[in-house]
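Survey of secondary and tertiary structure
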Amino acid sequence: MKPEQANQLKTLPPIISVKNLEKVFEDGETKTAALCDITFDIPRGQFVAVMGPSGSGKSTILHIIGLLDKQTGGSYLFDGKKVSDYSDEEIAHIRNEKLGFIFQSFNLLSRTTVLENVKLPLLYSGIKESLWDQMALKAIEQVGLSQRINYMTSKLSGGERQRVAIARALINNPQVIFADEPTGNLDSKSGQVIMEILQKLNAEKKHTIILITHETYTSELAERIIYIRDGKIESDKLIRARREANNFVK
Amino acid sequence: MNTYQALKTALLGLRANAARSILTILGIVIGIAAIIVVVAIGDSAQSMILGQIGGLGSKTIIIEPGREPQGPSDMTAILSDSLKERDIIALKNKANVPGLKDLTPNVIVPGSVSYQSQTYRAITFGSSAFLSKVLNIQPAEGVFFGDEEIKQHARVAIIGSKVREKLFGLSTAVGENIKIKDKNFRVIGVLPPKGQVSIINVDDVVVIPYTTAQKDLMGINHYNSIMVEANNVEDLARTANDIKLTLRESHGITDPAKDDFHVMTQSDIANSAKTITNLLTWLLISVAAISLVVGGIGIMNIMFVSVTERTREIGLRKALGATDNNILTQFLLEAVLLTAAGGIIGIMLGAGISYIATLILSQVVSMNWTFTFPLSAALIGIGVSTLVGLVFGLYPAYKAAHKNPIEALRYE
């Protein structure tokens, strides 16, 4: 990236800005506070790991900032705008155009080819269908699966499936990629490949990446770690000795 | 998402469960097929009946003994002997029925006719030359008998084309003697082939003077029916009423509810036939409609299963940017595609069954029963099956559309 581009990015508001975020789950009479007073900004292009033990509320954070769920208190600005002002339909469009999701269990459509899976977000995009294949092939190339485009996803290994999911997340060239335990269902070697791809996307394409993980060694591949415990931020720090995934040794 | 893409998505969803999809639509297929069969057969039955009634001519009035039949099994008309010669005399009096142009009493003679060793179960009845006017038919060979033959109780007969063929084959019929109830009748005329007219198959008839039939063959004093021609169509209702008043007077009846005869005009017959066939058709349609409701419930059930099974897919689609409407459209389209496909298959099946049924009916019953594809019923069938999909698919689709994406993604 050229220096002036980098400066431009810095002058823009943070892509994600949450302040005093609260989430209370209500189940009849009982109320459970899942998140409490969460405040942080994520600048554009940052690779952030949200870390914490299971039940800490890290997934709830991802759901809220990934616009899959709504907070019960506090404010959330996405791309400088208040999310609560958007209608459900507008939020669906933001998810489609600006966000990409990678899930622990891949969530690919079965009995469907790699190409069709990667094209799925375009169905809801309003982009001309004649461009779809070209866009999908480009995204598949970025995850190194060009030789597998017509494979049924059921014929692929776990690592390959997750790469299909990454290609799917990439197809709309999203501003933010959310990865929810992307290596959780993979062996360490496949996990390493996935993390390499994510690091590369962050470094070369400047995608903002928010990685949810409970593994310390995975979180250390990010440039910043927000540590959540019991619904609160326990620590939030930049990593000085950031590791490269290709040197990753378990 | 445009319509084509939406259709493609819905089709993919259905294809994933092809066997289940096919089983699901069976209810709709059967329901629509049943409706098509009922309507097709009902329509052709009705057009056949109306066509035959129409053959009588619109100025014809028929008087039958007994009160108006109260149902298909009401035999009072056949058993009653209330129409007698005094009625003919009363009706012919211009002062009583000014609108009456002509009439003939009819007498039915049961049994077969024979010529040498050939016997045929013809429909024999006594009538007059007036019958040939009402049926609008003239002998192809020979002549019809006239008033003189009636007065003299002549033993002459006019025979239908099929009777001629069965008894005489290729040889000449006119001038030969045939036997009816062991009495010789000279054939003086042969009718051309005409088929069914009203309740009579003209090709099967043997017509003899009514006097001969009544007195010499049957030995009775009454008639089985009286056919009347009115002067004009406009006065038909008034003439029919005059006939009723005359017959009541002649029979000494003061209370119309106690009538021992009934008077039918051409349109009365057509209307009652129409009413009966329509009623039957609707009755059968409503039975078939139950199958559609059952089929619809089946669709709804399967759509619920499908929505639950695909909870994760719904969550994923939402995470990738599908709006509630996108999801609603997808599932609703799946249901509608299912039922519409069921409808189309049902229409084809129904048309096939009614075609075969028509063939069998025309062979077995030997009526000129023609197959008519009920286009209106087919269009309604497609409409109704689509509607069933919309109605029974809406709630499952609504449930799908309002799934919370997080819950949906977590669902195992």
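As the structure is a computational prediction, the values presented were derived from the model and not from experiment.

1. Some points on the sheet that holds strand 4 (residues 73-78) of chain A
Residues and elements named next belong to chain A.
- If you trace the 4 strands from one edge of the open sheet to the other, you get 2-1-4-5, paired in antiparallel fashion. The open sheet is flanked by strand 2 (30-42) and strand 5 (81-82), the only strands paired with a single partner.
- Direction of pairing for strand 4 relative to strand 5: antiparallel, over a ladder of 2 bridges. Within strand 5, the position partnered with Leu77 by the bridge is Lys82.
- Relative to the sheet, helix 2 (residues 58-65) contacts strand 1 (16-27), strand 2 and strand 4, its axis offset from that of strand 2 by approximately 65°.

2. A look at the pairing of strand 8 (residues 208-213) of chain A
All names here are of chain A.
- With 6 of 6 residues buried, strand 8 is to be regarded as a mostly interior element.
- In strand 8, alternate side chains face the same way, and those of Thr208, Ile210 and Ile212 on one face and Ile209, Leu211 and Thr213 on the other are all buried.
- Where strand 3 (residues 47-51) meets strand 8, 5 bridges bridge the pair, whose relative direction is parallel. The partner of Ala49 across the bridge, within strand 8, is Leu211.
- As judged from the 5 bridges shared by strand 7 (residues 176-180) and strand 8, these two strands associate in the parallel manner. Opposite Phe178, over in strand 8, you have Ile210 as the bridge partner.
- Regarding topology, helix 7 (residues 188-205) serves as the crossover connection from strand 7 to the parallel strand 8, and that connection is right-handed.

3. Thoughts on the confidence of the model for chain A
- Scored by pLDDT, chain A has a mean of 89; 94% of the residues are at 70 or more.
- Between the elements of chain A, mean pLDDT differs from a low of 57, seen in helix 1 (residues 3-11) of chain A, to a high of 95, seen in strand 3 of chain A.

4. Description of the pattern of salt bridges
- Here the structure, examined in full by the defined rule, presents 21 salt bridges over all chains.
- One salt bridge in this structure joins Lys98(A) and Asp79(A), with 3.5 Å as the shortest N-O distance. Residue Lys98(A) is found in helix 3 (residues 88-98), and its partner Asp79(A) is found in the loop between strand 4 and strand 5; the two are separated by 19 residues along the sequence.
- Judged by relative accessible area, which is 25%, Lys98(A) ranks as partly exposed.
- A salt bridge links Asp87(B) to Arg86(B); its shortest N-O distance comes to 3.7 Å.
- Residue classification places Asp87(B) among the buried residues on the basis of a relative accessible area of 0%.
- Take Arg86(B): its relative accessible area is 38%, and that puts it in the partly exposed class.

5. Thoughts on the packing of helix 6 (residues 158-170) of chain A against helix 7 of chain A
Residues and elements named next belong to chain A.
- Between helix 6 and helix 7, the shortest axis-to-axis distance is 9 Å and the interhelical angle comes to 20°. Between helix 6 and helix 7, the crossing angle belongs to the class labelled roughly parallel. The handedness of the crossing between helix 6 and helix 7 comes out as right-handed. Contact residues: Gly159, Gln162, Arg163, Ile166 and Leu170 in helix 6; Ser190, Val193, Ile194, Ile197, Leu198 and Leu201 in helix 7.
- Counted by class, the contact of helix 6 with helix 7 contains 7 nonpolar, 3 polar and 1 charged residues.

6. Comments concerning the domain arrangement of chain B
- The domains assigned to chain B are domain 1 (3-52 + 272-410) and domain 2 (102-226).
- Here the C-alpha centroids of domain 1 of chain B and domain 2 of chain B sit 54 Å apart.

7. Observations regarding the packing of aromatic side chains
- Within this structure, the stated rule accounts for 6 aromatic pairs over all chains.
- A centroid spacing of 5.1 Å and a plane angle of 50° characterise the contact between Phe144(B) and Phe145(B), whose relative ring orientation is tilted. For the pair formed by Phe144(B) and Phe145(B), the shared burial category is buried.
- Taken together, Phe101(A), Phe103(A) and Phe178(A) form an aromatic cluster joined through their ring pairs.
- Looking at Arg148(A), its charged tip hangs above the ring of Tyr151(A), at a distance of 4.9 Å from the centre.

8. Observations concerning helix 8 (residues 210-218) of chain B
Residues and elements named next belong to chain B.
- Listing the buried residues of helix 8 in full gives Tyr210, Thr211, Thr212, Ala213, Gln214 and Leu217.
- At its buried positions, helix 8 is contacted by strand 2 (100-109), strand 5 (123-127), helix 6 (147-151), strand 8 (177-180), strand 9 (183-190) and strand 12 (205-209).
- Phi for Gly219, located one or two positions after helix 8, is positive at around 65°.

9. Brief notes about the side chain of Thr218(A)
- Relative to the elements of secondary structure, Thr218(A) occurs in helix 8 (residues 216-219).
- In contact with Thr218(A), not counting residues within four places along its chain, are Thr183(A), Met195(A), Leu211(A) and Thr213(A).

10. Re the interface of chain B and chain A
- At the interface, 24 residues of chain B touch 21 residues of chain A.
- Together chain B and chain A conceal approximately 2100 Å² of surface at their shared face, both sides included; 58% is due to carbon and sulfur atoms.
- Taken as a group, Leu316(B), Leu320(B) and Ile406(B) account for 28% of the area that chain B buries against chain A, more than any other trio of residues on that side.
- For the interface between chain B and chain A, the tally reads 1 salt bridge.
- Where Lys8(B) meets Glu129(A), a salt bridge forms, and the shortest distance between an N and an O atom there is 3.1 Å.
- Along the contact surface separating chain B from chain A lie 8 residue pairs in polar contact (both at pLDDT 80 or more).
- Mapped onto the side of chain B that touches chain A, the elements with two or more residues apiece are helix 1 (3-15), helix 11 (311-319), helix 12 (324-364) and helix 14 (405-410) of chain B.

Parameters and conventions
Residues numbered from 1 in each chain as written. Chains lettered and ligands numbered in written order. Predicted model: local features only at pLDDT ≥ 70, side-chain atom pairs only at ≥ 80, totals over all residues. Heavy atoms only, no water. Pairing = 2+ DSSP bridges. Helix = DSSP H or I, 4+ residues; strand = E, 2+ residues; numbered from the N terminus. Contact = heavy atoms within 4.5 Å. Axes fitted to C-alpha atoms, helices over the stretch in contact; angles between N-to-C directions. Buried < 20%, exposed > 50% of the residue type's maximum accessible area, 1.4 Å probe, protein only. Right-handed = clockwise from strand over helix to strand, strands pointing away. pLDDT = per-residue confidence, 0-100. Salt bridge = Lys/Arg side-chain N within 4 Å of Asp/Glu carboxyl O. Parallel < 35°, antiparallel > 145°, perpendicular 65-115°, else oblique. Left-handed = near helix turned anticlockwise from the far one by under 90°. Nonpolar A, V, L, I, M, F, W, Y, C, P; charged D, E, K, R; others polar. Domains from an automatic or database assignment. Phe/Tyr/Trp six-rings, centres within 6.5 Å; stacked < 30°, edge-to-face > 60°. Lys NZ or Arg CZ within 6 Å of the ring centre and 35° of its normal. Buried area = accessible area lost by both parts, 1.4 Å probe. Polar contact = N/O pair within 3.5 Å; in protein donor to acceptor, adjacent residues only side chain to side chain.

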